[in-house]
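Observations on the three-dimensional arrangement
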Protein chains: 2
Amino acid sequence: MAKNFKITLSSDEVPKNWYNINADLPEPLPKPKNSEGHDQIAALEKAFTKAALEQEFSTERYIKIPNEVRELYMQMGRPSPLFRATRLEEKLNTPAKIYYKREDTSPTGSHKLNSAIPQAYFAKKEGVERLTTETGAGQWGTALSLACNLLDLECTVYMVRVSFNQKPDRKNIMNIYDGQVFASPSNNTKVGREILEKDPDHPGSLGIAISEAMEEALEYDNVKYTLGSVLNHVMLHQTVIGQELKVQLEKAEEEPDVMIACTGGGSNFAGALFPFIKDKIDGNSDTQFIGVEPSACPTLTKGSYEYDFGDTNGFTPLMKMYTLGHDFVAPTVHAGGLRYHGMSPQVSLLADHGLFEARSAHQQDVFKAGIMFARNEGVLPAPETTHAIKAGIDEALKAKETGEEKTIVINFSGHGMLDLKGYASYFEGTMPNSK
Amino acid sequence: MAKNFKITLSSDEVPKNWYNINADLPEPLPKPKNSEGHDQIAALEKAFTKAALEQEFSTERYIKIPNEVRELYMQMGRPSPLFRATRLEEKLNTPAKIYYKREDTSPTGSHKLNSAIPQAYFAKKEGVERLTTETGAGQWGTALSLACNLLDLECTVYMVRVSFNQKPDRKNIMNIYDGQVFASPSNNTKVGREILEKDPDHPGSLGIAISEAMEEALEYDNVKYTLGSVLNHVMLHQTVIGQELKVQLEKAEEEPDVMIACTGGGSNFAGALFPFIKDKIDGNSDTQFIGVEPSACPTLTKGSYEYDFGDTNGFTPLMKMYTLGHDFVAPTVHAGGLRYHGMSPQVSLLADHGLFEARSAHQQDVFKAGIMFARNEGVLPAPETTHAIKAGIDEALKAKETGEEKTIVINFSGHGMLDLKGYASYFEGTMPNSK
């Protein structure tokens, strides 16, 4: 009969708990450490909200989502729909079924709001008046600006100056949500002023932007710092995706054979896949999990699993994770996002235990896959999301060869409506196929 | 209990028929006419598909949606969800309930795909190989590019040169969907070449773009011309919106007191409201209907109801409609869209019979309303859509004064992710409050 083109859930099907994979990891997560002669852990404790720190180190399997946060999730449109890519299946002439979870349907266009809302909520509850953060591509800064506005908090975003100049629309959307955006380095902070004194035209870096955002949180009691990926509490918040996905796949009467997400700092991968990886750890699943990263920033495929700083300048504690070295700088690629030198410690530990397969993909190949997707399914994926789509297409083509009716599930982490210049460079042939 | 934050429908609840208001108009629609010494009707018959012409003049109340079109609607995500704006209600402290129908959830970000898909479908069925059209702001050109791609047709879009230069992202998205976009005037057509010979830097106009697109359809047998608004068959296709909305309001156990849509050429107004206006004509409804237009292009509020050309140059037949005169040029406003000198003849006839209230709104006021909406509900409205939102807020504030628990329904025709520069000009104070 009629195919399931989409599987929607009602507002009250938003999950009631976040799922904390710390309770189920095959070994305890290595603790963060100070570097010799420094106390970065104390700085972290001053910079973050109490709730974030408590969740960061919790080993409770399920952590209740406060009613107010659940209601905000609903008001912002959760649960997100699950779509079936029937036209893409036909185009590929594959016996595989391809599903995609539509995190792009969030008002800010990506999954980032899932963590921005609770981070702002807990800050408000603790009497915080302003949140600071850094942003590179801009997805996280956009989500935090909206979340702060929803919870009546001020929001300050330090945006790497070169991105700030190249992406005026990202600044515009943050302003619409009442976020204050500063090109970093800025005159707001000691770190910024020192750099600008030496070089007034400094292009900025994510490391500097982190330093500026953290400096404010360390200096003022009513200001806290937030991060949009990498840390455990961010992974935790994102698990609403995977929990909804479980219910939707049950409704569609599907058992996923392959599940795919892109990996930058790890948050959309964790959010969509941790609840399913739990079943694998428990011995109740033989689903294949795939994380896809750019070959230009091959953290999981070419990095090493060791203690490293989370930022360039060594302001954060040392964390055990896959890393390319904290001084790694990705070559100039247009894909935006997915340029982080490290990886969520939780995702890293799972990779080390072989619980999922990490792959890398070249930029031109992922854009090509993204365009194929848009031309068949209509929705234009964010450059980050195209990495997952590339692997999904590859898996569907493998299924065609073997004749297997595999069920493939892709986490569609965000849309590309604010990344059209990247796509244009693909057509113009000015995009380097960076290795 | 829990509020209904959103009301979704399953794929198989996509309507099976389009609703044709020609069957229920309080008097027959005045027929299009030739101007003296010209046969524009013959040109129209050559330029459009047979199906479009048949639907244009049909008086059948329900016209079956072909199965293939219904399936494409489903694959592109229909039915669209209906959301309740609970946070906006709280902010306004109104007893009114505000609902908004999310046509922005279409892959191209607006309601335009609802007509682009059937127009492309019927063309393909009639052996057409390429469709042409003009585009100003770009929403229609984007939708037609995708629809042609879905149906394996070529697509040529003539984009007014000044828009083409100002909005590279609109060209980019059309290219992603494999649409061929030309700055108009172009060298493709006789009309274009003649203009360029005299003035190689001509900025173009919608009238010229229409002429170029029509010239191709008149010249080649395998090419047809399409329009994204104004004509009856376009209104017809859009009625999937209102029919879904009826089912959703029933599920929410709501009777709408006020229903609002913006009006440019009339297509999103018609789509959302015609199925409800039918009930009013039948004497079964006392819902209040409101159409909102820019005060800079006040077709319904300041125009006159008379025979006029649909285009600047007089290539179309004369149609009886509200018009500001076919040589009207809207002052340079940032709002994009809603700049058409005329109005759908069907919508015009309903206005003439007092079946809905037409209002105009100033640009700064509608952008202000759009920002208020985005800050509370998350979703950023297209500049066109902000006109409907402004009226929705006004009605909710009236209900606050009178203490009435009114149910207000807004058609959210599209998102503003590709209109961020317009919003930026609001913040920068460079936006004229054009009269």
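Note that the structure is predicted; figures quoted are calculated from it, not measured. Going along each chain's sequence as written, the residues are numbered from 1 onward. Labels are handed out in written order, letters beginning with A for the chains and numbers beginning with 1 for the ligands. Confidence filtering applies because this is a predicted model: local features only for residues at pLDDT of at least 70, side-chain atom pairs given and counted only at 80 or more, and all residues used for totals across whole chains, interfaces and linings. Side-chain metrics rest on all non-hydrogen atoms present in the structure, leaving aside hydrogens and water.

Superposition of chain B onto chain A requires a rotation of 180° combined with a translation of 0.0 Å along the rotation axis, giving an RMSD of 0.0 Å. Interpreted geometrically, this transformation is the action of a two-fold axis. Between two residues, a contact is recorded if the distance between any of their heavy atoms is within 4.5 Å. Both copies share a contact surface, since 100% of the interface residues of chain B are interface residues in chain A too. Superposition of the copies was done by least squares, using only C-alpha atoms of residues whose pLDDT is at least 70 in both.

Take the pattern of salt bridges next. Residues and elements named next belong to chain A. Here a salt bridge means any side-chain nitrogen of Lys or Arg lying within 4 Å of a carboxyl oxygen belonging to Asp or Glu. Counted under the stated rule, the structure contains 36 salt bridges over all chains. A salt bridge links R61 to D24, with the shortest nitrogen-to-oxygen separation between them at 2.7 Å. Here the residue R61 occupies a position in the loop between α2 (50–57) and β3 (62–64), and D24 occupies one in the loop between β2 (17–19) and α1 (40–47), the gap between them amounting to 37 residues. Remark: exposure states derive from per-residue accessible area (1.4 Å probe, protein chains only) relative to the maximum for the residue type, with buried under 20%, exposed over 50%, and partly exposed in between. Judged by relative accessible area, which is 8%, D24 ranks as buried. The residue K398 makes a salt bridge to E395 at a minimum N-O spacing of 3.0 Å. One end of the pair is K398 and the other is E395, both in helix α17 (residues 383–402) and 3 residues apart, which spans about a single turn. Note on conventions: DSSP H or I runs of at least 4 residues are helices, E runs of at least 2 residues are strands, and numbering of each starts at the N terminus.

It is worth spelling out the sheet that holds strand β8 (residues 180–184) of chain B at this point. All names here are of chain B. Here a strand pair is declared whenever DSSP counts at least two bridges between the two strands. One open sheet holds the 4 strands; their spatial order is β8-β7-β6-β9, and the pairing between them is parallel. A strand with exactly one partner marks an edge of an open sheet, and here the two such strands are β8 and β9 (223–225). Mean inter-strand twist for the sheet, computed between neighbouring axes without regard to direction, equals 25°. By the bridge criterion, 5 bridges tie strand β7 (residues 154–160) to β8 in an arrangement that is parallel. Looking at the pairing, Y158 lines up with F182 of β8. Angular values range over 0 to 180 degrees, each being the angle between N-to-C directions of two axes fitted as lines to C-alpha atoms, with helices fitted over their stretch in contact. Packing against the sheet, helix α10 (residues 206–219) makes contact with β6 (130–135), β7, β8 and β9, and its axis sits at approximately 170° to β6.

Moving on, we come to the UniProt feature "modified residue: N6-(pyridoxal phosphate)lysine" (unreviewed entry) in chain A. Residue and element names in this part refer to chain A. UniProt positions are given in the numbering used here, feature names are shortened, and annotations may be inferred rather than shown by experiment. As annotated in UniProt, the feature "modified residue: N6-(pyridoxal phosphate)lysine" (unreviewed entry) corresponds to K112 in the numbering used here. Here K112 is to be found in the loop between β5 (97–102) and α5 (113–125). Discounting residues that sit within four places of it in the chain, K112 has contacts with Q139, W140, A143, G228, S229, Q238 and S267.

On to the interface of chain B and chain A. Interface size is often expressed as the accessible area that is lost when the parts come together. Contacts between chain B and chain A engage 46 residues on the former and 46 residues on the latter. For the chain B and chain A pair, buried surface summed over both sides reaches about 4,100 Å², with 59% attributable to carbon and sulfur atoms. Contact with chain A buries area across many residues of chain B, yet B:I176, B:R375 and B:M417 alone supply 18% of it, more than any other trio. The interface formed by chain B and chain A holds 4 salt bridges in total. The salt bridge partner of B:K421 is A:D169, with a shortest N-O separation of 3.5 Å. For the purposes of these results, a polar contact is taken to be a pair of N or O atoms within 3.5 Å, where, inside protein, one atom must be able to donate a hydrogen and its partner to accept one; residues adjacent in sequence count only when each atom of the pair is a side-chain atom. Linking chain B to chain A there are 16 residue pairs in polar contact (both at pLDDT 80 or more). At the level of secondary structure, the elements contributing two or more residues to the side of chain B that touches chain A comprise α3 (67–75), α4 (86–92), α6 (139–150), α8 (168–176), α16 (363–377) and α18 (420–428) of chain B. By definition, the buried area sums, over both parts, the 1.4 Å-probe accessible area that each loses when the two are put together.

Before going further, it helps to spend a moment on the domain arrangement of chain A. Residue and element names in this part refer to chain A. For every domain, the bounds stem from an assignment made automatically or drawn from a database. Here the domain parsing of chain A yields domain 1 (6–14 + 77–109 + 238–428) and domain 2 (18–66 + 113–232). On a C-alpha basis, the centroid separation for the pair domain 1 and domain 2 is 23 Å. Between domain 1 and domain 2, a total of about 3,700 Å² is buried, with carbon and sulfur atoms accounting for 64% of that surface. Scanning the region where domain 1 abuts domain 2 turns up 0 salt bridges. Counting the contacts that link domain 1 with domain 2 gives 10 residue pairs in polar contact (both at pLDDT 80 or more). Counting residues per element, the ones that place at least two in the side of domain 1 that touches domain 2 are α12 (240–251), α13 (267–281), β12 (304–309), β13 (318–323) and α15 (345–352). A per-element tally of the side of domain 1 that touches domain 2 places α13 first, with 6 residues. Considered class by class, the residues forming the side of domain 1 that touches domain 2 number 21 nonpolar, 19 polar and 8 charged. Residue type decides the class: Asp, Glu, Lys and Arg count as charged, Ala, Val, Leu, Ile, Met, Phe, Trp, Tyr, Cys and Pro as nonpolar, and the leftover types, Gly among them, as polar.

This next bit is on the packing of helix α6 (residues 139–150) of chain A against helix α8 (residues 168–176) of chain A. Packed helices, taken two at a time, are described by their axes: the angle between them and the distance between them. All names here are of chain A. Viewed as axis vectors pointing N to C, α6 and α8 meet at an angle of 15°, and their least axial separation amounts to 8 Å. One element, α6, and the other, α8, form an angle in the roughly parallel class. With respect to the hand of their crossing, α6 and α8 are arranged in left-handed fashion. Here Q139, G141, T142 and S145 of α6 come into contact with α8, specifically with R170, I173 and M174. A class-by-class count of the residues in the contact of α6 with α8 yields 2 nonpolar, 4 polar and 1 charged. To sort the angles, those under 35 degrees are grouped as roughly parallel, those over 145 as roughly antiparallel, those from 65 to 115 as roughly perpendicular, and the leftovers as oblique. Two helices crossing with the near one rotated counterclockwise from the far one by less than a right angle form a left-handed crossing, whereas a clockwise rotation gives a right-handed crossing.

All right, on to the sheet that holds strand β15 (residues 407–412) of chain B then. Residue and element names in this part refer to chain B. The sheet built from 7 strands is open, its strands ordered β1-β4-β5-β15-β10-β11-β14 with mixed pairing. Each edge of the open sheet carries a strand with a single partner, namely β1 (6–7) and β14 (357–361). Where strand β11 (residues 288–294) lies against β14, 5 bridges are found, and the strand directions are parallel. Bridge assignment links E293 to a residue of β14, and that residue is S360.

Okay, the layout of surface pockets next. In this model, the second largest pocket occupies a volume close to 570 Å³. Every definition here rests on a 1 Å grid over the protein atoms only: cavities are sets of points where a 1.4 Å probe fits but cannot get out, pockets are open sets enclosed by protein on both sides within 12 Å along at least five of seven lines, and lining residues have some atom within 4 Å of a point. Forming the boundary of the second largest pocket are 27 residues, of which A:N149, B:K91, B:M372, B:R375 and B:N376 lie nearest the centre. Secondary structure elements with two or more residues in the lining of the second largest pocket: α6 and β7 (154–160) of chain A together with α4, α16 and α17 (383–402) of chain B. Considering every element that reaches the lining of the second largest pocket, the biggest residue donor is α16(B), with 7 residues. Across the lining of the second largest pocket, the residue classes tally to 11 nonpolar, 5 polar and 11 charged. Grid points are joined across faces, edges and corners, and a volume is the space filled by probe spheres set on the points.

A few words on empty space enclosed by the protein. Across all of its chains, the model carries 8 cavities of 30 Å³ or more by this definition. Computed from the structure, the largest cavity encloses a volume of approximately 550 Å³. Lining the largest cavity we find 33 residues, and of these A:R102, A:D104, A:T105, B:R102 and B:T105 sit closest to its centre. Here the lining of the largest cavity is composed, by residue class, of 16 nonpolar, 11 polar and 6 charged.

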